[in-house]
Amino acid sequence: MVTTNIAVGSALRVHEVHKSFAVPDAPGTTRLALDGISFSIAAGELVSLVGPSGCGKSTLLRLIAGLDFPDAGELLVGEEKILGPSAARGLVFQDPNLFPWLTVRRNIEAGLVARGVLEAQRHEVSDFMRLVGLEAFANSYPHHLSGGMSQRVALARALINHPKVLLLDEPLGALDAFTRMRMQDEVLRLWENRRTTMLLVTHDIDEAIYMSDRILVMTPAPGRVDRKIDIDLLRPRDRTSEPFLRLRSQILEHLHFAGTAADVSA
Amino acid sequence: MPLAGAIAFAAHLAVYKNETPMEARTYTNFLATFLIVSILIAVGQHRWRRLRVAVWRMRPLFTAAVLLLCAWELITAGWHWLPLPYFPSPAAVLQSMISDRALLFDSTWHSLVLLLAGYVLGALAAFVSGVCIGWSNSARYWGMPLLKVIGPVPATAWIPLAMVVSPSATISAAALIALAVWFPVTMLTSSGISNTRASYLDVARTLGANQRYLIFRVAIPAALPSIFVGLFMGLGASFLTLVVAESVGVKSGLGWYVSWAQGWAEYGKVFAALIIMAAFFSTIMTLLFKLRDRVLVWQKGMIKW
Ligand SMILES: Nc1ncnc2c1ncn2[C@@H]1O[C@H](COP(=O)(O)OP(=O)(O)O)[C@@H](O)[C@H]1O
Ligand SMILES: [Mg+2]
């Protein structure tokens, strides 16, 4: 069973990272997307990243995944510099991006095929399919799946490589409220079993408080980490408890939604 | 009910008997067979459910086909509306088809071999060049201008040159068909490859994919729908090139047969060859559709074309 196969995550350090992009409609000019981001995440920690849209969260995740490179600054996993993509750092997007030409089972196997270890680790495929509850859909093609199911396949596909760091870019953002809450518990269960280091980008403050050890709040463009909030509540957390709601209004206030926060805490 | 078809055709039987020479007995037999079969089906479908289901969709088509034959016969043999040597009656066409069946069969076989040789060669070459142009920037830099200059020239325009260069007309015809197929398939393959969704490539890279995986397991599958569009366009171009090459240079095949029969003013044979050509090309087209449905099963219910 996968659950006994505990993989411990890696620490992650982001130091003074700058990144700018060329502005498409004004050639020659660039826009700063990340302006000296610094933070570190301990091995096995689950940290959320929140901030208004366009503040550079996805850009930061792509840098950590190794899909893009910073203009300045350093990104480290454990003691190693990030020089490119690696199976040790999984990335799950808001859009599940399943390969439509592969069945569910073959999508989940993709990482094993890509690394050339399918024969050796084929037995794990069924474990992961069971883990995300999709055995019945093994031979279905992705366009037959619902959003929640697709996202579970995307999670299983990323997890089968036993990544040391799992990057989640608003993975539950497109799901309806019920599916989202169920998936939050599922991700938490995976994390508790496997102790993969997780960095979760989310729009949903409740989700951030419910799931993470720590929340990093980013400022709008150019992006900077503005505040780090420790969440010391015991899991499983109660979304309606008084400390939960207090934290919630604190963070909302910080993000300049003071009015809404006042309503909730009242 | 198939009775509608049968009635139309009984009338037609009457007309035909008065007008055509007795030698066209085979056509009578053909129509009689059709009548008997349709009556059998009409009766049988009440007893066998499976038969009814099988016949249900085809019925209107067959009815229309028989009525069309009927109209053709009335116009040609019945009322002589069309000048005779050029527009033979269906009976005469069927008669030429049967009397010249050996040569027709041989011609079809030659066309098939030539078409397949040229098509497969062209499609394979196009696949390789399309993937290279779509994936690699330097292949695109050098390949695209070549493609843009040579591609739009119809393959048939090369015929005079090809006939001089190659010792065998058949080989140069195969090369021309390959060229005709090569252009659309290369174009559509390269655009399919270069339009692969960047996020699929990103996902694959975070899963540990190397360059080979990215090309063969991501870009090519993602490009397959577009590659098939190219294959269909190439098939159309290959039919055209085949027929033209056969009528001007190659001394065999259906295209050659048509112009040869026309030279002897045997229009019954011309029509016979055209009918066989239509059946031949549409069968090949259907096979390509079947292949596409198999290869692109994952698209089922997603896209219709
Ligand atoms: N590939 C790119 N080219 C140009 N600009 C980009 C690119 N990726 C992101 N940006 C810009 O960087 C900023 C941050 O984007 P992003 O990281 O997607 O924000 P977030 O995920 O927080 O919503 C935005 O202004 C966006 O327009
Ligand atoms: Mg984003």
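For the structure itself, look to the data block above.
Attention in this report is confined to the structure presented alongside it. Quantities reported herein were computed from a predicted structural model and do not represent experimental measurements. (Residues numbered from 1 in each chain as written. Chains lettered and ligands numbered in written order. Predicted model: local features only at pLDDT ≥ 70, side-chain atom pairs only at ≥ 80, totals over all residues. Heavy atoms only, no water.)

Remarks on the sheet that holds strand 5 (residues 80-81) of chain A
Residue and element names in this part refer to chain A.
- Strand order across the open sheet formed by four strands is 2-1-4-5, with antiparallel pairing between neighbours. Looking at the sheet topology across the chains shown, the edges are occupied by strand 2 (30-41) and strand 5.
- Strands in contact with helix 1 (residues 57-65) are strand 1 (12-22), strand 2 and strand 4 (72-77); relative to strand 1, the strand with the most contacts, it is inclined by about 120°. (Pairing = 2+ DSSP bridges. Helix = DSSP H or I, 4+ residues; strand = E, 2+ residues; numbered from the N terminus. Contact = heavy atoms within 4.5 Å. Axes fitted to C-alpha atoms, helices over the stretch in contact; angles between N-to-C directions.)

Notes on the pattern of salt bridges
Residues and elements named next belong to chain B.
- Enumeration over the complete set of coordinates arrives at 19 salt bridges over all chains.
- In this structure, Asp100 and Lys269 form a salt bridge, with 3.4 Å as the shortest nitrogen-oxygen distance. Of the two residues, Asp100 sits in the loop between helix 5 (90-99) and helix 6 (101-135) while Lys269 sits in helix 13 (residues 267-295), which places them 169 residues apart along the sequence. Exposure class is identical for Asp100 and Lys269. Each is buried.
- The salt bridge involving Asp202 is made with Arg205; its shortest N-O contact spans 3.8 Å. Taken together, the positions of Asp202 and Arg205, both in helix 10 (residues 198-206) and three residues apart, correspond to about one turn of that helix.
- The partly exposed category is assigned to Arg205, whose relative accessible area is 27%. (Salt bridge = Lys/Arg side-chain N within 4 Å of Asp/Glu carboxyl O. Buried < 20%, exposed > 50% of the residue type's maximum accessible area, 1.4 Å probe, protein only.)

What about the interface of chain A and chain B?
- Taken residue by residue, the interface counts 25 residues in chain A and 22 residues in chain B.
- Buried surface at the junction of chain A and chain B, both sides included, amounts to about 2,000 Å², of which 66% is carbon and sulfur.
- Remark: the boundary between chain A and chain B carries two salt bridges.
- Where Arg62 of chain A meets Asp202 of chain B, a salt bridge forms, and the shortest distance between an N and an O atom there is 2.7 Å.
- Across the chain A-chain B interface, the total number found is seven residue pairs in polar contact (both at pLDDT 80 or more).
- Elements with a minimum of two residues in the side of chain A that touches chain B: helix 1, strand 6 (89-92), helix 2 (104-115) and helix 4 (147-159) of chain A.
- No other element matches the five residues that helix 2 of chain A contributes to the side of chain A that touches chain B. (Buried area = accessible area lost by both parts, 1.4 Å probe. Polar contact = N/O pair within 3.5 Å; in protein donor to acceptor, adjacent residues only side chain to side chain.)

Examining the packing of aromatic side chains
- Within the structure shown, the criterion is met by 13 aromatic pairs over all chains.
- Ring geometry for Trp256 of chain B and Trp260 of chain B: centres 5.7 Å apart, planes at 20°, overall stacked. Placement of the pair is Trp256 of chain B and Trp260 of chain B together in helix 12 (residues 254-263), with a separation of four residues, close to one helical turn.
- Relative accessible area serves as the criterion here: at 29%, Trp260 of chain B is assigned to the partly exposed category.
- The rings of Phe99 and Trp101 of chain A together with Tyr200 and Trp298 of chain B are connected pair by pair, giving a single aromatic cluster.
- Just above the ring of Phe99 of chain A sits the side chain of Arg157 of chain A; from NZ or CZ to the centre is 4.9 Å.
- In this arrangement the basic side chain of Arg239 of chain A is found over the ring face of Tyr210 of chain A, its NZ or CZ atom lying 3.7 Å from the centre. (Phe/Tyr/Trp six-rings, centres within 6.5 Å; stacked < 30°, edge-to-face > 60°. Lys NZ or Arg CZ within 6 Å of the ring centre and 35° of its normal.)

A few points about the sheet that holds strand 6 of chain A
Residues and elements named next belong to chain A.
- Strands sit in the order 6-7-8-3-9-10 across an open sheet of six strands; the sheet is mixed. The outermost strands of the open sheet, each flanked by one partner alone, are strand 6 and strand 10 (225-230). Each neighbouring strand pair of the sheet contributes to a mean axis angle of 15°, computed without reference to strand direction.
- As judged from the four bridges shared by strand 6 and strand 7 (residues 165-169), these two strands associate in the parallel manner.

Quick word on the site of ligand 1
Residues and elements named next belong to chain A.
- The full set of residues close to ligand 1 is Phe21, Ala22, Arg31, Ala33, Ser53, Gly54, Cys55, Gly56, Lys57, Ser58 and Thr59.
- Separating an oxygen atom of ligand 1 from a backbone N or O atom of Cys55 is a distance of 3.3 Å.
- Gly56 places a polar main-chain atom, nitrogen or oxygen, 3.0 Å from an oxygen atom of ligand 1.
- In the complex, the protein chains occlude 63% of the 560 Å² of accessible area that ligand 1 would expose alone.
- Of all the secondary structure elements, the ones that give two or more residues to the shell around ligand 1 are strand 1, strand 2 and helix 1.
- For the shell around ligand 1, the leading source of residues is helix 1, giving three residues.
- Residue composition of the shell around ligand 1, grouped by class: four nonpolar, five polar and two charged. (Near = heavy atom within 4 Å. Areas by Shrake-Rupley, 256 points an atom, 1.4 Å probe, with all protein chains shown as cover. Nonpolar A, V, L, I, M, F, W, Y, C, P; charged D, E, K, R; others polar.)

Points about helix 7 (residues 242-254) of chain A
Residues and elements named next belong to chain A.
- Here helix 7 spans 18 Å end to end across 13 residues, near enough to the 18 Å set by a 1.5 Å rise per residue.
- Of all the residues in helix 7, the buried ones are Phe244, Leu247, Arg248, Ser249, Ile251 and Leu252.
- A positive phi of about 65° marks His256, the residue just after helix 7. (Expected span 1.5 Å × (residues − 1).)

Comments concerning helix 12 of chain B
Residues and elements named next belong to chain B.
- All buried positions along helix 12 are accounted for by Leu254, Gly255, Trp256, Tyr257, Val258 and Ala261.
- The inward-facing, buried residues of helix 12 contact helix 6, helix 11 (211-248) and helix 13.
- At the C-terminal side of helix 12, Ala265 shows a positive phi close to 55°.

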